[in-house]
Amino acid sequence: MTLRIAYSPCPNDTFVFDAWAHGRVPGAPPIDVTFADIDLTNGLAERGELDILKVSYAVLPWVLDEYALLPCGGALGRGCGPLVLTREPGLDLTGRTVAVPSERSTAYLLFRLWAAERVPGGVGEVVVLPFHEIMPAVRDGRVDAGLVIHEARFTYPSYGLHALADLGAHWESTTSLAIPLGAIIAKRSLGAGTLHRIADTIRTSVRMAWDDPEASRPYVREHAQEMDPAVADQHIGLYVNEFTAHLGESGHAAVRGLLTRAAAEGLVPPLAPDALEFPERPAGG
């Protein structure tokens, strides 16, 4: 059976999935890949349209009845959080227009938690833009501020922009937890055996990319054509880490911490106690 999967064309995702996508993982199920921006994959998950998806951790409360959180393949770490960018330093965001990559994104959830403390008057209009359009929109004055992710951490000075806030640093300083960004989910209906096969395949694909980084470069470059190769390498180094291979107890604690705090603020539905648990591997599987 060919599994339908969607992830972004960003370097961290193409690096992680390169070996699997190109049939180099022994015994892996074949996949049909769709490349999509995070706002689109979040929507696909809410509609239950594909088998495996890279989504925002923030969307999990709406999709975990149908999808299981895989314990690998995602983006979670430290020093890698979203930034709030403006044209002028120290801008008061009260009543201002802010561009975000998705209203279901982890970045926007972290922004709302930060803004509740730092912008008591509340921001103005929030507009959703593909993440690659956000910095130009701020630079050109079409929006007052932009919430950015991924390689924008390295490139925003070239747009003449200023970092008003590092939401990851704020999250880490107030919780001591890692920053949950992107998750890999798969349909529960595939069955526990297939879910474990998918997780094993992703772990192998990650390790193969680490063992031979040059093998993934053509795939990474193909889908990040406008990105400087050095920036792509920085991107991979920041977002593909030990949590990508194994979420572990500290990773799960970070995810539950974010979603529990957000639920307490009324920003997301509360999680069931076992919602983040991965099904047990079947006997003999």
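Whatever comes next refers back to the structure up there.
Residues numbered from 1 in each chain as written. Predicted model: local features only at pLDDT ≥ 70, side-chain atom pairs only at ≥ 80, totals over all residues. Heavy atoms only, no water.

**A look at helix α1 (residues 11-21)**
Then comes step 1: For α1, the tally of buried residues reaches 10 of 11 residues, placing the bulk of the element in the interior.
Then comes step 2: Where α1 is concerned, the buried positions are Pro11, Asn12, Asp13, Thr14, Phe15, Val16, Phe17, Asp18, Ala19 and Trp20.
Then comes step 3: Positive phi appears at glycine 23, one or two residues downstream of α1, with a value of about 70°. (Buried < 20%, exposed > 50% of the residue type's maximum accessible area, 1.4 Å probe, protein only. Helix = DSSP H or I, 4+ residues; strand = E, 2+ residues; numbered from the N terminus.)

**Here's the deal with empty space enclosed by the protein**
Then comes step 1: Using the criterion set out here, one finds three cavities of 30 Å³ or more in the structure.
Then comes step 2: Looking at the largest cavity, it is lined by 22 residues, and the ones nearest its centre are Ile38, Ile149, His150, Leu181 and Gly182.
Then comes step 3: Residue composition of the lining of the largest cavity, grouped by class: 11 nonpolar, eight polar and three charged.
Then comes step 4: Size it by volume and the second largest cavity reaches roughly 40 Å³.
Then comes step 5: In this structure, the second largest cavity is lined by Tyr57, Leu70, Pro71, Cys72, Gly73, Gly74, Ala75, Gly182, Ala183, Ile184, Phe243 and Leu247.
Then comes step 6: With three residues, strand β11 (residues 179-187) is the largest single contributor of residues to the lining of the second largest cavity.
Then comes step 7: Among the residues forming the lining of the second largest cavity, the class breakdown is nine nonpolar, three polar and no charged. (1 Å grid on protein atoms, 1.4 Å probe; cavity = no way out; pocket = protein on both sides within 12 Å on 5 of 7 lines; lining within 4 Å. Points joined across faces, edges and corners; volume = space filled by probe spheres on them. Nonpolar A, V, L, I, M, F, W, Y, C, P; charged D, E, K, R; others polar.)

**As for the sheet that holds strand β8 (residues 126-128)**
Then comes step 1: Strand order in the open sheet made by the five strands is β8-β7-β9-β6-β10, with mixed pairing throughout. Among the strands making up the open sheet, the edge pair consists of β8 and β10 (162-166). Put simply, the sheet's adjacent strands are angled 30° from each other on average, direction ignored.
Then comes step 2: By the bridge criterion, two bridges tie strand β7 (residues 98-100) to strand β9 (residues 145-148) in an arrangement that is parallel. Paired with alanine 99 across the bridge in β9 is glycine 146. (Pairing = 2+ DSSP bridges. Axes fitted to C-alpha atoms, helices over the stretch in contact; angles between N-to-C directions.)

**Some remarks on the nonpolar core**
Then comes step 1: Core analysis: the biggest nonpolar cluster contains 57 residues, and Leu53, Leu60, Val84, Phe111 and Trp114 have the highest contact counts within it.
Then comes step 2: Per-element tally for this core: the top contributor is helix α4 (residues 106-118), with eight residues.
Then comes step 3: The contact partners of phenylalanine 111, leaving out residues within four places of it in the chain, are Val84, Leu93, Val98, Val123, Leu147 and Leu167.
Then comes step 4: In terms of nonpolar packing, the next biggest core, distinct from the first, is built from 31 residues, Ala19, Ala68, Ala224 and Ile236 among them. (Core = buried A, V, L, I, M, F, W, Y, C linked by side-chain atoms within 4.5 Å. Contact = heavy atoms within 4.5 Å.)

**Some words on the packing of helix α7 (residues 167-175) against helix α12 (residues 248-264)**
Then comes step 1: Interaxial distance between α7 and α12 falls to 12 Å at its minimum, and their mutual angle equals 95°. Between α7 and α12, the angle falls in the class roughly perpendicular. Along its contact with α7, which presents Trp171, Thr174 and Thr175, the element α12 presents Ala254, Gly257, Leu258 and Arg261.
Then comes step 2: Class assignment of the residues belonging to the contact of α7 with α12 gives a composition of three nonpolar, three polar and one charged. (Parallel < 35°, antiparallel > 145°, perpendicular 65-115°, else oblique.)

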